[in-house]
Amino acid sequence: MGDFMSASIGGGADSNSLQDLREYLDELGNLITKYPGIANNSRFVLVPGPNDPGSSRAFPRHPVRSICYQLLHIFRFNTFHCAQLPDLCTRELRRKVPNLTCSTNPCRIRYYTQDLVIFRDNLQQKMQRHAILPLLPSEREEGAVIDTDNEEVIASSVSQMDISKHVLVIPTRACLAKTLIDQAHLCPLPLMANPINWDFDASLQLFPAPDVLIIGDSTEQYQLGYSSVGVFDPGPFHADFSFVLYRPSTNTTEFSRVE
């Protein structure tokens, strides 16, 4: 999952270019081909991030393969025209790694009988910014699990409500998972926070509910469950080299980190 570069493209003096992105993806292809067993027997999926190049900030976002653009300055009209370069950034990578899929963001993967939804966005920060009721920190933040079928959990949550302040003490991560699954939508936010391409709004819906929801957020690793959906965040690999290994056969996750 993106972002595939630490600095955005065309964002200033220290920003990167499309040529830099293509070179980095070529290096990724060289690294994968060093291990023929992995390259030939694995499938790789690239999900673009919020700061990767694209036509707009609206969701769903186009795949990396088709969002590389070249700005051509037309002096006659004093405007910029975007000419699409479909295979500029991923051409060499796809040649070296044939089992590569450049997916949209979000994307849904069907693995035998399981549905896996992958969504890359800084959702927790946006949800906190637009929350109607402020969320207070909780000691049960780590490893929190919510089960709507458990009446004791619901009663415990209700008992923590401060009627005078109208504040519900609930873990932020659990509240995020509950909101997404209850709303059955990956962008339950105002359009100014998360613009939506309405022609493809169906790809953002979580109905029917998936078996696993993978949220690529900028927060630390976590795992929880809500209703019948397993939710986890693999963590920011660029910050602490953390990632998650998910085994569909046993429906288990393993938190890992490169030392």
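Please refer to the structure placed before this passage.
This is a predicted model, so every value here is computed, not measured. (Residues numbered from 1 in each chain as written. Predicted model: local features only at pLDDT ≥ 70, side-chain atom pairs only at ≥ 80, totals over all residues. Heavy atoms only, no water.)

**Q** Provide a residue-level description of the overall build of the chain, including the pertinent values.
**A** In terms of regular secondary structure, the chain is built from seven helices and 13 strands. Looking at the chain residue by residue over its 259 residues, the buried ones come to 37%. When contacts within the chain are restricted to residue pairs at least 6 apart in sequence, long-range pairs at least 24 apart make up 56% of them. With the model as given, the accessible surface of the chain reaches about 15,400 Å², and the carbon-plus-sulfur share is 54%. (Helix = DSSP H or I, 4+ residues; strand = E, 2+ residues; numbered from the N terminus. Buried < 20%, exposed > 50% of the residue type's maximum accessible area, 1.4 Å probe, protein only. Contact = heavy atoms within 4.5 Å. Areas by Shrake-Rupley, 256 points an atom, 1.4 Å probe, with all protein chains shown as cover.)

**Q** Before we move on, can you summarise empty space enclosed by the protein with the specific residues and values?
**A** Rolled over the atoms, a probe with the dimensions of a water molecule shows which regions are left empty. Counted by the stated rule, this structure contains one cavity of 30 Å³ or more. In this model, the largest cavity occupies a volume close to 30 Å³. Taken together, Met5, Ala7, Ser8, Ile9, Asn51, Asp52 and Pro53 make up the lining of the largest cavity. The class makeup of the residues in the lining of the largest cavity is four nonpolar, two polar and one charged. (1 Å grid on protein atoms, 1.4 Å probe; cavity = no way out; pocket = protein on both sides within 12 Å on 5 of 7 lines; lining within 4 Å. Points joined across faces, edges and corners; volume = space filled by probe spheres on them. Nonpolar A, V, L, I, M, F, W, Y, C, P; charged D, E, K, R; others polar.)

**Q** Explain the nonpolar core to me, using residue names and the numbers behind them.
**A** Core analysis: the largest hydrophobic core is formed by 24 residues, its most contacted members being Leu123, Leu176, Leu180, Leu213, Ile215 and Val231. Broken down by secondary-structure element, the contributors of at least two residues to this core are strand 6 (114–120), helix 4 (123–129), helix 6 (172–183), strand 9 (212–216), strand 10 (222–226) and strand 11 (229–233). Ranked by the residues each element gives to this core, the list is headed by helix 6, at five residues. Beyond its immediate stretch of four places on either side in the chain, Val231 contacts Ala177, Ile181, Leu213, Ile215, Tyr222, Gln223 and Leu224. In this structure, Leu21, Ala39, Val64 and Leu93 belong to the second largest nonpolar core, which totals 14 residues. (Core = buried A, V, L, I, M, F, W, Y, C linked by side-chain atoms within 4.5 Å.)

**Q** I'd love a proper account of the pairing of strand 13 (residues 252–257), names of residues and values included.
**A** Of the strand pairs in this sheet, strand 12 (residues 242–247) and strand 13 are connected by six bridges, and their pairing is antiparallel. Looking at the pairing, Phe243 lines up with Ser256 of strand 13. If you look at the hairpin formed by strand 12 and strand 13, you'll find four residues sitting between the two strands, and Asn251 has a positive phi there, around 55°. (Pairing = 2+ DSSP bridges.)

**Q** Any chance you could break down the pattern of salt bridges for me, citing the residues and the numbers?
**A** Counted under the stated rule, the structure contains seven salt bridges. One salt bridge in this structure joins Asp115 and Arg108, with 3.8 Å as the shortest N-O distance. Assessed through its relative accessible area of 13%, Asp115 is described here as buried. The class for Arg108 is partly exposed, based on a relative accessible area of 39%. Where Asp121 meets Lys126, a salt bridge forms, and the shortest distance between an N and an O atom there is 3.1 Å. The residues Asp121 and Lys126 share a single accessibility class, namely buried. Through salt bridges that share partners, Arg108, Arg110 and Asp115 make up one connected network. (Salt bridge = Lys/Arg side-chain N within 4 Å of Asp/Glu carboxyl O.)

**Q** Provide a residue-level description of the environment of Leu245, including the pertinent values.
**A** In this structure, Leu245 sits in strand 12. Residue class for Leu245 comes out partly exposed when judged on its relative accessible area of 33%. Leu245 sits 11 residues away from Pro234 along the chain, and the two C-alpha atoms are 8.5 Å apart. Not counting chain neighbours up to four residues away, the residues in contact with Leu245 comprise Thr252, Thr253 and Glu254.

**Q** Just give me the short version of helix 6, but keep the residues and values in it.
**A** Every α-helix winds through 3.6 residues per turn, so residues three or four apart in the chain are directed the same way. Helix length check: helix 6, at 12 residues, gives a terminal C-alpha distance of 16 Å against a target of 16 Å (1.5 Å per residue), a fit within 8%. Residues of helix 6 that are buried include every one of Thr172, Arg173, Ala174, Leu176, Ala177, Leu180 and Ile181, and no others. Residues of helix 6 that are buried make contact with helix 4, strand 9, strand 10 and strand 11. Of the residues trailing helix 6, Ala184 is marked for its positive phi of about 55°. (Expected span 1.5 Å × (residues − 1).)

**Q** A description of the packing of aromatic side chains should follow, citing residues and the corresponding values.
**A** Across all of its chains, the model carries four aromatic pairs by this definition. Ring plane angle 90° and centroid distance 5.6 Å describe the contact between Phe237 and Phe241, whose orientation is recorded as edge-to-face. The exposure class assigned to Phe237 is partly exposed, which follows from its relative accessible area of 43%. Of the residues examined, Phe241 reaches a relative accessible area of 43% and is grouped as partly exposed. (Phe/Tyr/Trp six-rings, centres within 6.5 Å; stacked < 30°, edge-to-face > 60°.)

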